[in-house]
Amino acid sequence: MNAFSESDTAGGSTMTALPGKSPVKLTINGESTTVEVAPWTTLLDLLREYLDLTGTKKGCDHGQCGSCTVLVDGKRVNSCLTLAIMKDGSEITTIEGLTGKDGALHPMQQAFVDCDAFQCGYCTPGQICSAVGMIKEGHAHSDDEIREGMSGNLCRCGAYPHILNAIKQAYAATEKRTAA
Amino acid sequence: MINFSYTRAGSVAEAVGAKSKANGAGRFIAGGTNLVDLLKENVERPRQVIDITRLPLATIEEGPNGGLRLGALATNADTAYHPEVQRRYPALSRAILAGASAQLRNMATNGGNLLQRTRCYYFYDVAMACNKRRPGSGCPAISGQNRVCGVLGTSDQCIATHPSDMCIALAALEAVVRVSGPQGERTIPFAEFHTLPGDTPQIENTLAPDEIITAIDLPESPYAEHSVYTKVRDRASYAFALVSVAALLELDGDMVKSARIALGGVAHKPWRSPEVEALLTGKTATKENFLPVAAALFHDARGYEHNAFKIELGKRAVVRALQLATKGTASIRDVNGQTADA
Ligand SMILES: Cc1cc2nc3c(=O)[nH]c(=O)nc-3n(C[C@H](O)[C@H](O)[C@H](O)COP(=O)(O)OP(=O)(O)OC[C@H]3O[C@@H](n4cnc5c(N)ncnc54)[C@H](O)[C@@H]3O)c2cc1C
Ligand code: SF4
Ligand code: FES
Ligand code: FES
C-alpha cells in the first residue's frame, strides 16, 4: 500500500461493497461466448485466464510492448489496456483464430515460419496479429512504413529484419490474392 | 488496481449526470490507453468508471466557417488518416502519427488525448511524493530524475510536461474545445484549455470536473502548404517527445505573411508565444531570421540537472522545423522526414 492513497487526487476511493461480475458477450475467433467478468478485468486477462487462449502474451501489461496485440472488430489493439466489459458485443480475433478451420496457417503465420522471423517466440503472436491489422489498414507500402507501422511491437530477441521480410512476403501474397 | 463499478453512458446528459453524482470519484473512460495504465499503477483510484464509448461523438465532419469538427470519440488513427485532416491540417496528421503506436492510436480518442496525464516518473510511482498526485507532498523531480520534465513555465511546485503530440498541432492550429456540462455547452480556446502548474499542479486544464469534451473544432487554416511537425525523441518511433515543434507558415513567395509555432515536451501545456511568432511577419523565410525567433522562444527557459539540453535542442528543432515548413508540407508517406532525430 502506498502512504498517500487516502488523499491522492484520484478521489481516494473507500470501496465498501465489491461491484459484482457481469456478463460480457463476445465473438472470439468466430465462436460466440459469454463470460462473467469484473469491470476491471482486461481483455488480455479474459483471454488468458478465463478462456485459456494463452497464445496472446502478457509482456509489459502497460501498452509498451505489443505482445498482447489482438484484433477487435478487425482493428489491432493492445488487449492489456482494454477493459473486457467495454467490448461487449465485439468480435475478437487472436493468434489462435488466424489459423484456418482445417489447421492451415494464415499467410502471415506461414511467412513468419518461412522467414525464420522469431527466436524465443514470445513477441510473435503479437507481431503476427499486428502485421495482419497493419495490412488491413493499408498504409504500409515501403520498408520504412512497415517498420514504422510495426513499431508498437517490440522484439527483445531483435528479430526485426526477419520480421520485416516475413511481412513483405505475406503482403505480396495478399496483394496477389486481391489482384486476382 | 482498485475495484470499481462500471456504468455505460447512453447519452451525453447521462454521462455528465453520472460524473456529477460520483462527486470526484468517477472517471470517464474512452480509449482507456491512459486511464487503464494509471488504474494499474494505483495513480487513479476511482469508485466508478463511466464508459463513454457508445456516445455518438465519433464523427469527423465539416465545422462552422470552413473548419472541421473532430468528434471527441473519433480515434487518433481515424483522425490522422482522415482525408480532410490530411489535406487541410497536415501538421495534425503528422503529430498524431508521431505519437504512441498504431495499436494505441486505434484505441486512443481525441478527447482522451487532450486529458492524458504527465509521464513524470514520480507521478507514476505512488511510493514517491508528488505535488500533482498528492498536493503538498513535494516535487522530487526538481532535484531528481528530470530528463523528461519541462524547461518553460515551470514552478517550484511542479516541472512536469504535457506529453501529447496531437495537442501541439492543435495549439498551433488554434483549435477550440467544445464541452458539455450540467449547465449546458461551452467552448474553450485551445490556448486556455491546458494550464501551467503554478501552485496547483493537480489542476491541468480548465475543464470542470463534471464536463465532458464533445468535439474539437479546427478553424479554417491558410497553412496547409507549409505545415510541419518535428519530433525529437530517444528512439526513432514509439517514444514520447523530448522536444517537438509544430511549425506552420503562410508564405508569399519567400516572405512570411504569418507564422505559428507550438512546442511540445518543454512545458505543462503546449507552448506558444504569439509575440515571438509575430517577429517573423514580413521577414524572408531564412535561417538568419529563424535563429532569433528560436532564441526568443527559449529566452525565459530554465534547465534542470538532466534536462538543460532541451533548451539548445529546442532552439535547433525550431529552426529545423521552420526550414522544413518553408520547403513545404512533406508527403504523409515520408515517415522519417518529419519526425527523424535532429
Ligand atoms: C506506451 C504508450 C506510449 C504513448 N506514446 C505517446 C506519444 O508518443 N505521444 C502522445 O501524444 N501520446 C502517447 N501516448 C498516450 C496516448 O496518446 C493517450 O493515452 C491517449 O491519447 C489517451 O486517449 P484515450 O481515449 O485512450 O484516453 P483514456 O485513457 O480513455 O482517458 C484519459 C483521460 O481522459 C478522460 N476523458 C477521455 N475522454 C474524455 C472526454 N470526451 N471528456 C472528458 N474526459 C475524457 C478520462 O476520464 C481520463 O481521465 C502513449 C501511451 C502509451 C500507453
Ligand atoms: S514534476 Fe510535477 S508530476 Fe513530477 S514529481 Fe514534481 S509535482 Fe509530481
Ligand atoms: S502486454 Fe500489452 S503492450 Fe505489453
Ligand atoms: S522472438 Fe523473442 S522477443 Fe521477439
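Please read all numbers here as calculations on a predicted model, not as lab measurements.

(A) Here's a closer look at the sheet that holds strand β1 (residues 22-28) of chain A. Residue and element names in this part refer to chain A. Taken in spatial order, the 5 strands of this open sheet run β2-β1-β5-β3-β4, and their pairing is mixed. The open sheet terminates on both sides in strands that have one partner only, identified here as β2 (31-37) and β4 (75-78). Neighbour-to-neighbour, the strand axes of this sheet turn through a mean angle of 40°, independent of strand direction. Bridge count between β1 and strand β5 (residues 91-93): 2 bridges; the pairing is parallel. Its bridge partner being in β5, T27 is matched across the sheet by E91. Packing against the sheet, helix α1 (residues 43-50) makes contact with β1, β2, β3 (69-72) and β5, and its axis sits at approximately 100° to β2. Of the strands in this sheet, β3 and β4 are in contact with helix α4 (residues 124-137), which crosses β3 at around 40°.

(B) Region of the structure containing the nonpolar core. In this structure, L92(B), L114(B), L170(B) and L218(B) are the most contacted members of the largest nonpolar core, which totals 38 residues. Looking at this core, the elements with two or more residues in it are β5 (68-71), α5 (90-97), α9 (166-172), β6 (176-181), β8 (212-218) and β10 (243-252) of chain B. Looking at this core, the element that brings in the most residues is α9(B), giving 7 residues. Excluding its chain neighbours within four sequence positions, the residues that come into contact with L114(B) are H162(B), C167(B), L170(B), V177(B), F190(B), F193(B), H194(B), I213(B) and I216(B). Of all hydrophobic cores here, the second largest spans 33 residues; its members include V24(A), L44(A), V70(A) and L83(A).

(C) Fine view of the environment of L81(A). With respect to the helices, strands and loops of the structure, L81(A) is situated in the loop between β4 and β5. You can call L81(A) buried: its relative accessible area is 1%. Remark: the alpha-carbon pair of L81(A) and L44(A), spanning 37 residues in sequence, is separated by 8.2 Å. Setting aside anything within four residues of it in sequence, one finds L81(A) in contact with D61(A), H62(A), G63(A), G31(B), G32(B), T33(B), V36(B), D37(B), L104(B) and M107(B).

(D) How the structure looks around the side chain of Q48(B). Within the fold, Q48(B) resides in strand β3 (residues 48-51). Classification of Q48(B) as buried rests on a relative accessible area of 18%.

(E) Examining the site of ligand 1 more closely. Around ligand 1 sit 33 residues, and of these F28(B), G32(B), T33(B), T109(B) and D165(B) come closest. Residues near ligand 1 are shared among chains A and B, making this a multi-chain site. One of the backbone nitrogen or oxygen atoms of A239(B) is found 3.4 Å away from an oxygen atom of ligand 1. Burial of ligand 1 by the protein amounts to 95% of the accessible area it has alone, namely 980 Å². For the shell around ligand 1, the secondary structure elements donating two or more residues are β2 (26-29), α7 (110-115) and β8 of chain B.

Reading the values: rules and limits
- Residue numbers run consecutively from 1 along every chain, following the written order of its sequence.
- Going through the entries in the order they are written, you letter the chains from A and number the ligands from 1.
- Per-residue local features are limited, in this predicted model, to residues with pLDDT of at least 70; the limit for side-chain atom pairs, both in listing and counting, is 80 or more; totals at the level of whole chains, interfaces and linings are taken over all residues.
- Processing note: side-chain calculations cover all non-hydrogen atoms of the structure and skip hydrogens and water entirely.
- Two strands make a pair as long as DSSP finds a minimum of two bridges between them.
- Counting from the N terminus, the helices are the DSSP runs of H or I reaching at least four residues and the strands are the DSSP runs of E reaching at least two.
- An axis is simply a line fitted to the C-alpha atoms; with a helix, the fit covers only the stretch in contact. Between two such axes, the angle follows the N-to-C directions and lies from 0 to 180 degrees.
- Whether two residues are in contact is decided by their heavy atoms: any pair within 4.5 Å suffices.
- Put simply, buried Ala, Val, Leu, Ile, Met, Phe, Trp, Tyr and Cys residues joined by side-chain atoms within 4.5 Å make one nonpolar core.
- Exposed residues in this analysis have more than 50% of their type's maximum accessible area, buried residues have under 20%, and partly exposed residues fall in between, with area computed by a 1.4 Å probe over protein chains only.
- Distances are taken per atom, and a residue is near a molecule or strand as soon as one of its heavy atoms is within 4 Å of it.
- Throughout this description, a polar contact denotes any pair of N or O atoms lying within 3.5 Å of each other; where both atoms belong to protein, one of them has to be capable of donating a hydrogen while the other can accept it, and for residues adjacent in sequence the pair is counted only when both atoms sit in side chains.
- For the accessible areas, the method is Shrake-Rupley and the probe is 1.4 Å, while residue cover comes only from the protein chains on display.

Everything listed is a geometric property; what it means functionally is a separate question.
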